Amino acid sequence: MELEQLRSKLETIFGKKVTAQKDHGEAVRGEAFAAAGATLVVHGELTASERKLVELLLENGPRPESKPGGGGTDDERLAAALADWIVERLEQGDQDADLPDSFVRWSMLVGSKVPLLVYGDYPERLPSSSYADLKKLLKTFFEAEVALIPLHNKMWLILADASLLSEEREGEEESVEEALSALASGLQDMAASEWVGECHVATTYPFSPAGSLVHTVATLRETLELGRNFRQSSNIHLPWELRLETLLDAVPKRAKNRFLEGVLRRAEPSFDPEMLQTLEAFFTENCNVSDTAKRLYIHRNTLLYRLDKFKQETGMDVRDFEHAVLVRLALLLYKVTKRK
């Protein structure tokens, strides 16, 4: 990037006058930064985050013999600076922080956005080229430019334009939740097969980054964690499907253990894989015996035998509504108390 292009870009980002001074002896009024044998001056005060952003832009800015790709694009440097700001706000518990002016003017953050959080289950840090590779994949997948923000080496925040939802919805009968679920599922399939391998995706309703970016990221991280803990067989995690898990997660550990012991009649319950699979399928099929038998590819009488066996061992008949509620809660708690 040429010096004049960089000066113009800084003016656009900050909404302040930026000048380039060749004479280093000239008096400076404002924030000064060395750049390719000149001094760039931002006229006005900058916050610490804004100064860091300028430094990131200058780090691989106007150099006569710079190598292609050495240090990333402007969007990549902006994304890195924004990631640092988000993580800092989360660590300080400041979820209501407004987006700094230096980021508000970034075109990728303008308007209503669909947030998607991707978590990769890979052991090592990906090479630096992975940012550019993923950007290309995402542009192909979304058929549009999106913001890609690396929160850390395994977690990526993607902000896509909310207009994509109208394209996802096939008709008036499909809800926003269904469209978001389909979008997240498609992204997970693409990322798993063409990028990171095994991965998880969380999403939530469209929002405006200018006012609630940190809060939205916090919500997505919580959704991802709850989903991975309570719904280990799923790679798509949606907050409206985890309301019960959110409530149970706030219960103290001692209370969880007492509940399990009371419902299952033993201090250390041990479900065999077959019984766990049977109960999970039974609840997935809304406690319908015939549909559960079909889902498990077993005879109806075989299913009834298993349910009767569970009743004998625990005193809980999951065909009774109240007992079914208690056992459903117990199964969710059983997963996170590591009693397997």
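Residues numbered from 1 in each chain as written. Predicted model: local features only at pLDDT ≥ 70, side-chain atom pairs only at ≥ 80, totals over all residues. Heavy atoms only, no water.

Asker: Residues and numbers for the pattern of salt bridges, please.
Answerer: With the rule as written, the count across this model stands at 13 salt bridges. Note that glutamate 145 is salt-bridged to lysine 139, the shortest N-O span being 3.2 Å. Judged by relative accessible area, lysine 139 falls into the partly exposed class, the value being 45%. Each member of the salt-bridge network shares a partner with another, and the members are Asp308, Lys311, Asp317 and Arg319. (Salt bridge = Lys/Arg side-chain N within 4 Å of Asp/Glu carboxyl O. Buried < 20%, exposed > 50% of the residue type's maximum accessible area, 1.4 Å probe, protein only.)

Asker: Mind laying out the nonpolar core, listing which residues take part and the relevant values?
Answerer: With 61 residues, the main nonpolar core has Leu82, Ile86, Phe142 and Leu157 as its most contacted residues. Among the elements that make up this core, the one with the highest residue count is helix α3 (residues 74-91) (8 residues). Once residues within four sequence positions are removed from consideration, isoleucine 86 is found in contact with Ile149, Leu151, Leu157, Leu213 and Val217. (Core = buried A, V, L, I, M, F, W, Y, C linked by side-chain atoms within 4.5 Å. Helix = DSSP H or I, 4+ residues; strand = E, 2+ residues; numbered from the N terminus. Contact = heavy atoms within 4.5 Å.)

Asker: So what's going on with helix α10 (residues 253-264)? Residues and values would help.
Answerer: In this model α10 runs 16 Å from its N-terminal to its C-terminal C-alpha over 12 residues, within 8% of the 16 Å that 1.5 Å per residue would give. Among all positions of α10, only Lys256, Asn257, Leu260, Val263 and Leu264 are buried. The buried residues of α10 occupy an angular sector of 135° when projected down its axis, which confines them to one face. Of the residues in α10, the exposed ones pointing more than 90 degrees away from the buried face are Arg254, Arg258 and Gly262. Elements that come into contact with the buried residues of α10 comprise α9 (243-249), α13 (300-314) and α14 (321-336). Looking one or two residues beyond α10, the residue adopting positive phi is arginine 265, at roughly 60°. (Expected span 1.5 Å × (residues − 1). Arc of directions from axis to C-beta.)

Asker: An account of the sheet that holds strand β6 (residues 155-161) is requested, with residue identities and associated values reported.
Answerer: Spatially, β5-β6-β4-β7-β8 is the arrangement adopted by the 5 strands of the open sheet, whose pairing is mixed. What marks the edges here is a single partner per strand, and that holds for β5 (147-152) and β8 (236-237). Where strand β7 (residues 199-203) and β8 come together, 2 bridges link them in parallel fashion. Following the sheet pairing, valine 201 is matched in β8 by isoleucine 236. Sitting on the sheet, α3 is in contact with β5 and β6, with an inclination near 50° to β5. Where helix α8 (residues 209-230) meets the sheet, its contacts fall on β4 (113-120), β5, β6, β7 and β8, and the angle it forms with β4 comes to roughly 40°. (Pairing = 2+ DSSP bridges. Axes fitted to C-alpha atoms, helices over the stretch in contact; angles between N-to-C directions.)

Asker: Break down the environment of glutamate 222 for me, with residues and values.
Answerer: You can see glutamate 222 is positioned in helix α8. Judged by its relative accessible area of 41%, glutamate 222 is partly exposed. For glutamate 222 and threonine 246, which are 24 residues apart along the polypeptide, the C-alpha to C-alpha distance reads 8.7 Å.

Asker: Just give me the short version of the pairing of strand β3 (residues 38-42), but keep the residues and values in it.
Answerer: Within β3, 5 of the 5 residues are buried, leaving the element largely enclosed by the surrounding structure. Along β3, one buried face is formed by Ala38, Leu40 and Val42 and the opposite face, lined by Thr39 and Val41, is buried too. Note that strand β1 (residues 18-21) and β3 share 4 bridges and pair antiparallel. Residue pairing for β3: glutamine 21 is matched across the bridge by threonine 39.

Asker: Tell me about the side chain of glutamine 188, and please be specific about residues and values.
Answerer: As for its position among the elements, glutamine 188 is in helix α7 (residues 176-194). According to the relative accessible area criterion, glutamine 188 is buried, its value standing at 10%. If near-sequence neighbours (up to four positions away) are discounted, glutamine 188 is found in contact with Cys199, Val201, Asn235 and Ile236.

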